[in-house]
Every structure is written in C-alpha cells, then in structure tokens.
Amino acid sequence: MHVPGPPDWDVILRCAVVAVTATSCHFLLYMATMRTTAAAIAPIVYIQLIVASLISVFIFGDAIDELALLGGSLILLSGLFLWRSERRTAPVVEA
C-alpha cells in the first residue's frame, strides 16, 4: 500500500491563491448585495459562465461539448429574457 507524502509547496501555494481570491470574490458579492438588490447582482453569474468557458477553452484546451453549449446558451438567453422583461415593467422615474 502506498501512502502519499505531503504535497509540494507549489500545490499549497496554488490552493492558497484560490482560497484567497475566491473568499475575496464572495465577500465582494456579499457587500454588493448589501448595497443593492440581488436582481441587480444576478448578471454577474452570466459573466462568470462566459469567463469560465473561455478559460476552459483557451487556458486548459478543453473543448466545450454540444450539451454544455446548449445548457449555457439556455441560461444566458433566459437571463437576457428576464432582464428585458424587467426593463419593460419597471416604472419610469423622472428626475
């Protein structure tokens, strides 16, 4: 039976970078939600989907399969549909 040893320093450093950046991003999203509505923050999820897909293709060289492309497109189109319908029903505020 093989018992793995401690991880290399670069693995620990990478994990620390991911932990710090992810925690910072979640904290900033929390602070943004405290200042405005969750509906105003929701489009960030759509941007995350696009950025994650681009990172997957251009940095890791992973192709996006048809089902993932269809699902991502459905999510983006539904978000655009909801955004458009909210803009139509929102009252016009004059200054």
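Look above for the structure.
Just so it is clear, the model here is predicted, and its values are computed rather than measured. (Residues numbered from 1 in each chain as written. Predicted model: local features only at pLDDT ≥ 70, side-chain atom pairs only at ≥ 80, totals over all residues. Heavy atoms only, no water.)

J.: Please clarify how the overall build of the chain should be interpreted in this entry.
T.: Along the chain, the regular secondary structure elements total 4 helices and 0 strands. Listed N to C, the secondary structure of the chain is α-α-α-α in terms of helices and strands. Within the chain, the proportion of its 95 residues that are buried is 3%. A total accessible area of about 8,600 Å² is found for the chain, and carbon and sulfur atoms account for 72% of it. (Helix = DSSP H or I, 4+ residues; strand = E, 2+ residues; numbered from the N terminus. Buried < 20%, exposed > 50% of the residue type's maximum accessible area, 1.4 Å probe, protein only. Areas by Shrake-Rupley, 256 points an atom, 1.4 Å probe, with all protein chains shown as cover.)

J.: Where do I start with the environment of Ile75 in this structure?
T.: Turning to its location among the elements, Ile75 is positioned in helix α4 (residues 66-89). Along the backbone, Ile75 and Tyr46 are 29 residues apart, and their C-alpha atoms lie at a distance of 7.7 Å. Among residues more than four places away in sequence, those in contact with Ile75 are Tyr46 and Leu49. (Contact = heavy atoms within 4.5 Å.)

J.: Please explain the environment of Ile47 as it appears in this structure.
T.: In this structure, Ile47 sits in helix α3 (residues 43-58). Separated by 29 residues in the primary sequence, Ile47 and Leu76 have C-alpha atoms spaced 9.1 Å apart.

J.: What am I meant to see in a nonpolar patch on the surface here?
T.: Nonpolar side chains collect at one region of the surface, where Ile47, Ile50, Val51, Leu54, Ile55, Val57, Phe58, Ile59, Phe60, Ile64 and Leu69 lie side by side and expose about 1,100 Å² of accessible area between them. Here the element with the most residues in the nonpolar patch is α3; it accounts for 7 residues. Tracing the backbone shows Ile64 in the loop between α3 and α4. (Patch = residues over 30% accessible without salt bridge, like charges linked within 9 Å, V, L, I, M, F, W, Y side chains within 5 Å. Salt bridge = Lys/Arg side-chain N within 4 Å of Asp/Glu carboxyl O.)

J.: For this particular structure, what's the right way to read the pattern of salt bridges?
T.: Pairing is possible between side chains of opposite charge, provided their charged atoms come close. Under the counting rule described, the total for this entry stands at 1 salt bridge. In this structure, Asp10 engages Arg14 in a salt bridge whose closest nitrogen and oxygen atoms are separated by 3.7 Å. Taken as a pair, Asp10 and Arg14 lie in helix α1 (residues 9-35) at a separation of 4 residues, close to a single helical turn. Taking the relative accessible area as the measure of exposure, Asp10 reaches 27% and is therefore partly exposed.

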